[in-house]
Amino acid sequence: MEQGTGQLFVTSTNAAKPAFAFSSSGNAGANEFDLVVRVSDRGGLSGDGNVRVQLTETNVAPAFTQATFTVGIDENAADAAVVGSIDATDINDGQTVSFSIAPTGASANAPFPFIVQSATGADVSAGADGTAVIRVASGSGGAGAGLLNFEGSTQSFEAVLTATDSHSTTPLSTTALLTIQVQEVAEAPYFDGDRRRPNSVRFDVTVEEGASAGTAVRMADAAEETTVGQGVAARLTATDDDVVDAGTVRYSVRAPTGAAPTS
Amino acid sequence: MAINMSASDGTAPAGASVMEFLVSVRNVNEVPSLNASGNFFAAASREGTIGQPLAVFVSDEDLFSTDFTERFNFTI
């Protein structure tokens, strides 16, 4: 209160969470403050008066803790894998916060492999947090989809994350810029680099009985053979997509577990 | 306020002796009262003023004094 004029003010020491928050509880008096104000004149005489302050509801948009967020997701992450969780607060009592996500910038016109969900959908009362959980969209995860490939064309996605309150007539929204970075994961090399067959664990080869040492082994598929010296031999090549592993693939031969030694 | 007083012994002409008095009215302080009628509204979650300054709701006879300026202090 301003002493000389008697002007009343709403003040707060915490701008993010003001002391005055409208209650939607419906309790009589929950939004009323009864004050006794004393007025004193120059001569020292005084009188008291009663003042009732009623709170009126003011909708305030939800707020993110930051304007920009950066999260990471392992390449080839599975469908529904959690990319990250981001909180938003809403100081209005009785309201909930919902989220949406939309690609922006360089990601605007490309496949966007993420969705956002509310963590619980629970009521976000004054001062409480609402949590947006960003996940890999259905059908976008795994190596097969190829959308989360560190060695691919897109290593980073940009999106606008929007938090919207549940005000009945004039819901308000806040946005934050979200960057999702695809992170490198060490991947095993795979055979048959020309026609990637990650699940190929068996190649059918032939060799004539009684063949002497050094005789070329032939592939059942001629396309998978290569010229070696004056002859033709099976071509078993392997590829490793990891950039750091380029040129480091090594080969070895061993007998399957339980089989007779290779000779 | 000026008042003329004359004195006469009954033989001399009236007003032979005149004395003038200057009478000043001294202000006696009156008790202020506050009648803040109606409700004051504050917008929740927003910092700012609440209603009108309470000074406009103060009644005090001293406010009508032409040669005395009243001032008030408010406490809550």
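These numbers come from a predicted model, not from an experiment.

**As for the overall build of chain B**
Of the regular secondary structure elements, chain B holds zero helices and seven strands. Secondary structure elements of chain B occur, N-terminal to C-terminal, as β-β-β-β-β-β-β. Taking the contacts inside chain B whose residues are at least 6 apart along the sequence as the reference set, 30% of them involve residues at least 24 apart.

**As for the overall build of chain A**
In terms of helices and strands, chain A carries one helix and 17 strands. Buried positions account for 21% of the 263 residues belonging to chain A. Taking the contacts inside chain A whose residues are at least 6 apart along the sequence as the reference set, 62% of them involve residues at least 24 apart.

**Some points on the sheet that holds strand S4 (residues 40-43) of chain B**
Within a beta sheet, neighbouring strands are joined by backbone hydrogen bonds and run either parallel or antiparallel to one another. One open sheet holds the four strands; their spatial order is S4(B)-S3(A)-S2(A)-S7(B), and the pairing between them is mixed. A strand with exactly one partner marks an edge of an open sheet, and here the two such strands are S4 and strand S7 (72-75) of chain B. Sheet twist, expressed as the mean angle between neighbouring strand axes with direction ignored, is 35°. As judged from the nine bridges shared by strand S2 (residues 32-41) of chain A and strand S3 (residues 46-56) of chain A, these two strands associate in the antiparallel manner. For Phe33(A), the partnering residue across the bridge sits in S3(A) and is Val53(A).

**Quick word on the interface of chain B and chain A**
Taken residue by residue, the interface counts 33 residues in chain B and 38 residues in chain A. Mapped by element, the contributors of at least two residues to the side of chain B that touches chain A are strand S3 (33-34), S4, strand S5 (48-50) and S7 of chain B. Considered class by class, the residues forming the side of chain B that touches chain A number 17 nonpolar, ten polar and six charged. As defined by bridge partners, strand S1 (residues 8-10) of chain A adjoins S5(B) across three bridges and the pair is classed as antiparallel. For Phe9(A), the partnering residue across the bridge sits in S5(B) and is Thr49(B).

**Quick word on the environment of Ser46(A)**
Positionally, Ser46(A) belongs in strand S3. On the basis of neighbour counts, which here come to 17 C-beta atoms within 10 Å, the residue Ser46(A) falls in the partly exposed class.

**Description of the confidence of the model for chain B**
Residues and elements named next belong to chain B. Looking at chain B, pLDDT values average 80 and 88% of them are 70 or higher. Confidence scores differ between elements of chain B, with strand S1 (residues 2-7) showing the lowest mean pLDDT of 74 and S7 the highest of 93. For this predicted complex, the interface confidence comes out at an ipTM of 0.72, alongside a pTM of 0.62.

**Some thoughts on unusual backbone geometry**
The phi angle of most residues is negative, glycine excepted, and most peptide bonds adopt the trans form. Residues and elements named next belong to chain A. At Asn-76, a residue that is not glycine, the phi angle is positive and equals roughly 65°. By the element assignment, Asn-76 lies in the loop between strand S5 (68-74) and strand S6 (82-89). Since 21 C-beta atoms lie within 10 Å of it, Asn-76 is described here as buried. We note that Ala-80 has phi near 75°; this positive angle belongs to a residue other than glycine. One can find Ala-80 in the loop between S5 and S6.

**What to know about the sheet that holds S5(A)**
Residue and element names in this part refer to chain A. Read across the open sheet, the four strands follow the order S5-S11-S10-S7; overall the sheet is mixed. One side of each edge strand has no neighbouring strand; the edge strands of this open sheet are S5 and strand S7 (97-103). The average undirected angle you get between the axes of adjacent strands in this sheet is 30°. For S7 and strand S10 (residues 156-165), the ladder comprises seven bridges, and the chain directions are antiparallel. In the sheet register, Pro-103 faces S10, and the bridge partner there is Ala-159.

**Details of the pairing of strand S2 (residues 17-22) of chain B**
Residues and elements named next belong to chain B. Burial analysis of S2 places just zero of its six residues in the buried class, which makes it a mostly uncovered element. In this sheet, S2 lies alongside S1 in antiparallel orientation, the contact comprising six bridges. Among the inter-strand pairings, Asn-4 is bridged to a residue of S2, identified as Glu-20.

**With respect to the pairing of S10(A)**
Strand direction decides the pairing type here: S10(A) and strand S11 (residues 173-183) of chain A, joined by nine bridges, are antiparallel. Following the sheet pairing, Ala159(A) is matched in S11(A) by Leu178(A).

Conventions adopted
- Residues numbered from 1 in each chain as written.
- Chains lettered and ligands numbered in written order.
- Predicted model: local features only at pLDDT ≥ 70, side-chain atom pairs only at ≥ 80, totals over all residues.
- Helix = DSSP H or I, 4+ residues; strand = E, 2+ residues; numbered from the N terminus.
- Contact = placed C-beta atoms within 7 Å.
- Buried ≥ 20, exposed ≤ 12 C-beta atoms within 10 Å, placed from the backbone.
- Pairing = 2+ DSSP bridges.
- Axes fitted to C-alpha atoms, helices over the stretch in contact; angles between N-to-C directions.
- Nonpolar A, V, L, I, M, F, W, Y, C, P; charged D, E, K, R; others polar.
- pLDDT = per-residue confidence, 0-100.

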